[in-house]
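Descriptive structure summary
Residue-level listing of the chains:
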Amino acid sequence: MELMSAGREFTAYGPSHVVVLSIFAAGAVLLVWRGRRQSEARARLVARSLAVLLMAAFLTALVYKLIRPDLATSVPLQLCDIAEVTAAYALWTQRHWAFTLTYYWGLLLSSQALLTPDIGTPREGAPDFPHHLFVTFFTLHVLVVWAAIYLTWGRGMRPRWRDYRFAVFVTLGWVAFTFVFNLVAGTNYGYLNGKPPTASVLDLLGPWPVYLLIEIVVVLGVWALMTWPWERRRRLAGEQAASAGRAAFQQPG
């Protein structure tokens, strides 16, 4: 198979896409396995190395966008753009608020971009490997999802219901800001102000703004399902600890 043809059109689940997904899966397993066995110093080194790679890819993609600037595509206002910077910050600092956004945005939204990629621009189409749009798109999305997986299952960070509410608040704030920006600038970041010009899954959700409202409801529901198991496990652990404490207290001296 020839993967090095720069002029070839990208095909979802074609050879290059399968290679990317295989690398992603293998890397995710390795990060979890190593993350659970690392010292704090080693874990900090791995996390910060991923953060540097992520920011390098982000800045590279941004430079390419600014070489031929286009208001409709060059402003880093997509939620994935914000997720990339947030994930890098979460990896570097391991601040809980940054982990929270990386967990919800990375595991649900960036992972969808890996499975149903929208590469390229109307000007350049959807190029295959080794075009810079292919490389930066998949590098960024793979690293964001790896960050969420590593911090959650490798390093043991966990979301709570208050984190869920925080993620909802921040995301709806992005929706409101970006919607207004689109109105003023005549853009359509996040497809908040209209469907994409080509066929997409949004066509199944009805006209604007119905599809937008359905998207929001689905995302909030899935995020709740992503929070509930951790809270249930935390509650059960607390109940078991309390029960063990009462049993120890009742033991005759």
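Attention here is on the structure that accompanies the text. Nothing here was measured: the structure is a model prediction, and the numbers come from that model.

1. Looking at the nonpolar core
- Core analysis: the biggest nonpolar cluster contains 63 residues, and Leu91, Phe138, Tyr150 and Trp223 have the highest contact counts within it.
- If you list the elements that add at least two residues to this core, you get helix 1 (15-35), helix 2 (40-67), helix 3 (79-93), helix 4 (96-115), helix 5 (132-154), helix 6 (161-185) and helix 7 (210-250).

2. As for a nonpolar patch on the surface
- Taken together, Tyr13, Val18 and Leu115 make up a surface patch of nonpolar side chains, about 270 Å² in accessible area.
- The exposure class of tyrosine 13 is partly exposed, given its relative accessible area of 48%.

3. What to know about the side chain of aspartate 163
- Here aspartate 163 lies in helix 6.
- At 4.6 Å, arginine 162 is the nearest oppositely charged side chain to aspartate 163, a buried residue that forms no salt bridge.
- At 2.7 Å, the side chain of aspartate 163 and the backbone nitrogen of arginine 160 are in polar contact.

4. Some points on the environment of glycine 154
- Mapped onto the secondary structure, glycine 154 falls in helix 5.
- Judged by its relative accessible area of 6%, glycine 154 falls in the buried class.
- As a C-alpha pair, glycine 154 and valine 32 span 122 residues in sequence and 4.2 Å in three-dimensional space.
- Excluding residues that lie within four positions of it along the chain, glycine 154 makes contacts with Leu31, Val32, Gly35, Arg36 and Ile149.

How each quantity is defined
Residues numbered from 1 in each chain as written. Predicted model: local features only at pLDDT ≥ 70, side-chain atom pairs only at ≥ 80, totals over all residues. Heavy atoms only, no water. Core = buried A, V, L, I, M, F, W, Y, C linked by side-chain atoms within 4.5 Å. Buried < 20%, exposed > 50% of the residue type's maximum accessible area, 1.4 Å probe, protein only. Helix = DSSP H or I, 4+ residues; strand = E, 2+ residues; numbered from the N terminus. Patch = residues over 30% accessible without salt bridge, like charges linked within 9 Å, V, L, I, M, F, W, Y side chains within 5 Å. Areas by Shrake-Rupley, 256 points an atom, 1.4 Å probe, with all protein chains shown as cover. Salt bridge = Lys/Arg side-chain N within 4 Å of Asp/Glu carboxyl O. Lys, Arg positive; Asp, Glu negative; His and termini not counted. Polar contact = N/O pair within 3.5 Å; in protein donor to acceptor, adjacent residues only side chain to side chain. Contact = heavy atoms within 4.5 Å.

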